[in-house]
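What follows is the residue order along each chain.
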Amino acid sequence: MPEHSSWLTLLLAHFQRTLAHNAEGIGHTLLDKHPATWRSFEPLATAVLIALLLILVSLRVRARLSKTEEALIPEDRLTLRTFMEIFLGYFYDLAKNMMGPERAKKYFPLVGGSALFVFFSNVMALLPGTPVATSSLSITMGCALVVFVLFNLYGLIENGWGYIKHLAGPAWYLAPLVFLIEMISLTVRPITLAVRLCINMSVDHLLLSIVLGLVAIVIPLPLMLLGCLIVVVQTLVFAMLTCIYIALATEHEAH
């Protein structure tokens, strides 16, 4: 995907120069033999920072909700707690409508966690010069593979070997062909999930950076509004497809 510079790029470059200087000082030349491409670490560093931020926010909100008197009384202004309640409440209703109340409650940690990570990573695309984790195929593929492994695991736990049997179809004489088609379909799911998110966020962030570099700040405002829509829609699509994959994997054969 197209590369762009950011403050994190400069920080990693400074870290690289410091390591090289120290390595020369102690007589090692590993950096010369194996040059590091520090730009490739930028999406991973951003993803780790966002994950740590979400953990801190979750602990903060959990601490507030652990107090019974505060948990029962909604706050009268938009705070971190109210935002998390509205955000997670919306995606919980989405999961409940697609999977049913019981399965939504059971599998919502994956849906809600994915939605939070993707949303906050996408929001970074609205800030030119800021690294966007979801504009890297390695990060989006990692998210998609987590979903892929877990929904297949949920299917095996829920249906046992009937989940594998279901992939072979109802007729034994068509089992090899149907199983091959189903395996291709399963393999394509994480690829499409990752590529769709990566391309949309890369193009959005790159286009916004180019426009802001060419014209005044007021003119790109419509483009930023479009970017806000893309951020929300891509988060919704990722969460919705996660719900669909879990629902299909955990659906009982009788249904």
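A. Spotlight on the overall build of the protein chain. What the protein chain contains, in helices and strands, is ten helices and zero strands. The linear arrangement of helices and strands in the protein chain, starting from the amino end, is α-α-α-α-α-α-α-α-α-α. The 255 residues of the protein chain split such that 35% are buried. For the protein chain, the share of sequence-separated contacts (at least 6 apart) that also reach a separation of at least 24 residues comes to 73%. For the protein chain, the computed accessible surface area is about 15,300 Å², with 72% contributed by carbon and sulfur atoms.

B. Highlighting the packing of aromatic side chains. The tally for this structure, following the rule as stated, stands at eleven aromatic pairs. On the basis of an interplanar angle of 75 degrees and a centroid distance of 6.2 Å, the ring pair of Phe-83 and Phe-120 is categorised as edge-to-face. With a gap of 37 residues between them, Phe-83 in helix α5 (residues 80-99) and Phe-120 in helix α6 (residues 101-123) connect regions that are remote in the sequence. When its relative accessible area of 27% is taken as the criterion, Phe-83 is described as partly exposed. For Phe-120, a relative accessible area of 23% puts it in the partly exposed group.

C. Quick look at empty space enclosed by the protein. Enumeration according to the criterion identifies one cavity of 30 Å³ or more in this entry. If you add up the space inside the largest cavity, you get close to 40 Å³. Of all the elements in the fold, those that place two or more residues in the lining of the largest cavity are α9 (175-214) and α10 (221-250). The element best represented in the lining of the largest cavity is α10, accounting for four residues. Partitioning the lining of the largest cavity into residue classes produces five nonpolar, one polar and one charged.

D. Main features of the side chain of Asn-152. Locating Asn-152 in the fold gives a position in helix α7 (residues 137-159). In this structure Asn-152 comes out as buried when scored by relative accessible area, which is 13%.

E. Spatial organisation of the packing of helix α3 (residues 42-65) against α5. Axis separation between α3 and α5 bottoms out at 10 Å; the angle between their running directions is 100 degrees. As judged from the angle between their axes, α3 and α5 are roughly perpendicular. Taking contact as the criterion, the partners of Val-57, Arg-60, Val-61 and Leu-65 in α3 are, on α5, Leu-80, Arg-81, Met-84 and Glu-85. Taken together, the residues that form the contact of α3 with α5 break down as five nonpolar, no polar and three charged.

Conventions and cut-offs
- Residues numbered from 1 in each chain as written.
- Predicted model: local features only at pLDDT ≥ 70, side-chain atom pairs only at ≥ 80, totals over all residues.
- Heavy atoms only, no water.
- Helix = DSSP H or I, 4+ residues; strand = E, 2+ residues; numbered from the N terminus.
- Buried < 20%, exposed > 50% of the residue type's maximum accessible area, 1.4 Å probe, protein only.
- Contact = heavy atoms within 4.5 Å.
- Areas by Shrake-Rupley, 256 points an atom, 1.4 Å probe, with all protein chains shown as cover.
- Phe/Tyr/Trp six-rings, centres within 6.5 Å; stacked < 30°, edge-to-face > 60°.
- 1 Å grid on protein atoms, 1.4 Å probe; cavity = no way out; pocket = protein on both sides within 12 Å on 5 of 7 lines; lining within 4 Å.
- Points joined across faces, edges and corners; volume = space filled by probe spheres on them.
- Nonpolar A, V, L, I, M, F, W, Y, C, P; charged D, E, K, R; others polar.
- Axes fitted to C-alpha atoms, helices over the stretch in contact; angles between N-to-C directions.
- Parallel < 35°, antiparallel > 145°, perpendicular 65-115°, else oblique.

Limitation: the analysis is restricted to geometry and does not speak to function.
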